[in-house]
Amino acid sequence: PPKAMLKAFEMIGQNDPEVTHHIFASGNGVNDVVKACKSGCRVIRFYGKVDKVLADQYYDSANIQIILANKDNNIVSSKIFESVASGYPIIYFYFSESDRSFKLLKNYPLVYFVRQDKIDEQECERIRKWMYQNKDKRIDFDFVRKTFADATPDYVVDSVLGSIG
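So, a few notes on the structure that sits alongside this text. All values derive from a computational prediction rather than experimental measurement.

**Digging into helix H2 (residues 30-38)**
Taken together, the buried positions of H2 are occupied by Val-30, Val-33 and Ala-36. Angularly, the buried residues of H2 cover 125° about the axis, an arc narrow enough to put them on a single face. Of the residues in H2, the exposed ones pointing more than 90 degrees away from the buried face are Asn-31, Lys-35 and Lys-38. Residues of H2 that are buried in the fold lie against helix H1 (3-15), strand S1 (21-24) and strand S2 (44-48). Two residues or fewer after H2 comes Gly-40, characterised by a positive phi angle close to 100°.

**Some thoughts on the packing of H1 against helix H6 (residues 121-134)**
Where H1 contacts H6, the two axes come as close as 9 Å, and the packing angle between them is 75°. On the basis of the axis angle, H1 is roughly perpendicular to H6. Between H1, through Ala-8, Phe-9, Met-11 and Ile-12, and H6, the contact on the second element is made entirely by Glu-121, Cys-124, Ile-127, Arg-128 and Met-131. For the contact of H1 with H6, the residue count by class is seven nonpolar, no polar and two charged.

**Some remarks on the packing of aromatic side chains**
With the rule as written, the count across this model stands at 10 aromatic pairs. Between Phe-102 and Phe-113 the ring centres are 4.5 Å apart and the planes differ by 50°, which places this aromatic pair in the tilted class. Within this pair, whereas Phe-102 is found in helix H5 (residues 100-105), its partner Phe-113 is found in strand S5 (residues 111-115), the two being separated by 11 residues in sequence. Both rings, one in Tyr-112 and one in Trp-130, keep their centres 5.7 Å apart while their planes meet at 45°; by these two values the pair is tilted. Here Trp-130 lies in helix H6 and Tyr-112 lies in strand S5, a separation of 18 residues in the sequence. Exposure remark for Tyr-112: the relative accessible area of 15% places this residue in the buried category. Put simply, the rings of Tyr-92, Tyr-94, Phe-102 and Phe-113 touch in pairs and so form one group of aromatic residues.

The rules behind these values
For every chain, the first residue of the written sequence is number 1, and numbering continues from 1 onward in sequence order. Totals for whole chains, interfaces and linings use all residues, but because this is a predicted model, local features are given only for residues with pLDDT of at least 70 and pairs of side-chain atoms are given and counted only at 80 or more. Excluded from the side-chain calculation are hydrogens and water; included are all heavy atoms of the structure. Per-residue accessibility, obtained with a 1.4 Å probe over protein chains only, is compared with the maximum for each type, and a residue is labelled buried under 20%, exposed over 50%, and partly exposed between these values. Every helix listed is a DSSP run of H or I at least four residues long, and every strand listed is a run of E at least two residues long, numbered separately from the N terminus. Regarding the arc, it is the one traced by the directions from the helix axis to the C-beta atoms. Note on contacts: a residue pair is in contact if any heavy atoms of the two residues lie within 4.5 Å. Lines fitted to C-alpha atoms define the axes here, with helix axes fitted over just the stretch in contact, and angles between the N-to-C directions of these axes take values from 0 to 180 degrees. Each angle is binned into one of four classes, with values under 35 degrees roughly parallel, values over 145 roughly antiparallel, values of 65 to 115 roughly perpendicular, and all other values oblique. Classes in brief: Ala, Val, Leu, Ile, Met, Phe, Trp, Tyr, Cys and Pro nonpolar; Asp, Glu, Lys and Arg charged; the others, Gly included, polar. Aromatic contacts are taken between Phe, Tyr and Trp rings whose centres are within 6.5 Å, Trp giving its six-membered ring; a plane angle under 30 degrees counts as stacked, one over 60 as edge-to-face, and the others as tilted.

Structure representation (structure tokens):
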């Protein structure tokens, strides 16, 4: 659910109108996003479900990727791997340190972890400062490839071929 992320960006936006958060989504949590937009949150731009070309244009021009943890903490979203592979800074809203994605992202040096039940003004200010400090940074793909070698397409293909061969 996006409530913690929406709350954080509403609070950040009250003090820093330069921040803009573009959201592309369908399914779970959309009603919460629509509600936040209707309540006057100026920093959130909601597009709903869009075609891949438009989403990729925004994705390529983004400064930071924002990822919400799955409620099922045993699932690692493909969005995690896509964001890590891009080298972008990541803000990860999580529920628990036992979350598999949390454990995976601990190996990524350009991530800011936000526990969803710990959103307050001080945390929002830390998020805002971290965004400005890291928005132009990128992680080299060679580092990503070496650090997350067991998540590369080559590794997955070799593993599947090894198990059937």
